[in-house]
Amino acid sequence: MKRIAENELNNISNQLQFNMLQPYGFEVKYGFEEDDSLPPVKVDCGNGFNVLLRGKVDRVDVGEMYASGDDPDSEPPVYFRVIDYKSSAQTVTIGDIVNGVKIQLITYISAVANGLANNPSYAGRKVVPAAAFYYAFNDDVEKLKEHFSGDFETVKYDKFMQGLYLVKEDAMMSLHGGVAKLSSNAEKSQYALPEGGFEKLFNQAEKRIGETAVKMSKGSFPIKPVVKSDGSTPCMY
């Protein structure tokens, strides 16, 4: 356990050296009654009722900077990312969110965006989601080789995180360096989102959450697992 902890702390420390987003908080709560909690995520069910979501975000990173499209005459926008720690490798695609299969990270994005926008320290500032990542605690170095940046021998424990990230042409390294796998095709990746993309994805997730909440209120729990494009489904029954 000590060795794994040392390796992972080294990973995280190395990652933080290569981008300008730095830790804002850990176990960041939203929707709780405590004074240090962010507001809940409010979902309109479309039937006159709302659902209030609450939870905890493992880690939130924040940074202030100018990037392409930002107004240089105003204060720099506040960019942020949410990170969820996992015991095994995980990822999320745009399709996962649209289909309502994985809505955890995008819900975190909404919670933190609203929370930072209401933070007096950032009053009047533009708050922009930069990324939503999973960080896997994985001690199998051989399996991690495909995720390393640079030369394996010199940065053998510098893992990449998996998830969705914002495309900002002149600020990719500042926002994601050492964290996301950036290459010549990074801006065309299935995990890359244009500005406003996170907000659009949450609108899709909000629709799914609202539909599910209405069904639950009616006692309806249909067994309808998602069918993937290849015809497979997570439920063999």
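Above this text sits the structure in question.
Thresholds, definitions, all that
- Residues numbered from 1 in each chain as written.
- Predicted model: local features only at pLDDT ≥ 70, side-chain atom pairs only at ≥ 80, totals over all residues.
- Heavy atoms only, no water.
- Helix = DSSP H or I, 4+ residues; strand = E, 2+ residues; numbered from the N terminus.
- Rg over C-alpha atoms; globule rule 2.2 N^0.38 Å.
- Phe/Tyr/Trp six-rings, centres within 6.5 Å; stacked < 30°, edge-to-face > 60°.
- Buried < 20%, exposed > 50% of the residue type's maximum accessible area, 1.4 Å probe, protein only.
- Pairing = 2+ DSSP bridges.
- Contact = heavy atoms within 4.5 Å.
- Axes fitted to C-alpha atoms, helices over the stretch in contact; angles between N-to-C directions.

## A short note on the overall build of the protein chain
Item 1. Along the backbone of the protein chain there are six helices and eight strands.
Item 2. Along the protein chain, from the amino end to the carboxyl end, the secondary structure elements read α-β-β-β-β-β-α-α-β-α-β-α-β-α.
Item 3. Here the protein chain has a C-alpha radius of gyration of 19 Å; the compact-globule value for 237 residues is 18 Å, and the two agree.
Item 4. Taken along its principal axes, the extent of the C-alpha atoms in the protein chain is 55 × 50 × 35 Å.

## Some thoughts on the environment of N114
Item 1. One can find N114 in helix α3 (residues 104-117).
Item 2. Along the sequence, N114 and P40 sit 74 residues apart, while their C-alpha atoms lie 8.9 Å from each other.

## Structural notes on the packing of aromatic side chains
Item 1. Tallied over the entire structure, the rule returns four aromatic pairs.
Item 2. Taken together, the ring pairs in this structure connect Y85, Y135 and F137 into an aromatic cluster.

## Digging into the pairing of strand β5 (residues 78-86)
A regular strand carries its side chains on alternate faces of the sheet.
Item 1. A large share of β5 lies buried, amounting to seven of its nine residues.
Item 2. The pairing of β5 with strand β6 (residues 127-136) spans nine bridges and is classified as parallel. Following the sheet pairing, I83 is matched in β6 by F133.

## Points about the sheet that holds strand β8 (residues 192-193)
Item 1. Pairing within the open sheet is mixed, and its six strands lie in the order β1-β4-β5-β6-β7-β8. Lying at the two open borders of the sheet, with one neighbouring strand each, are β1 (22-30) and β8.
Item 2. In this sheet, strand β4 (residues 55-64) lies alongside β1 in antiparallel orientation, the contact comprising seven bridges. Counted as the bridge partner of Y30 is G55 from β4.
Item 3. Running at roughly 155 degrees to β6, helix α1 (residues 2-17) makes contact with β1, β4, β5 and β6 of the sheet.

No statement about biological role is implied by the geometric values presented.
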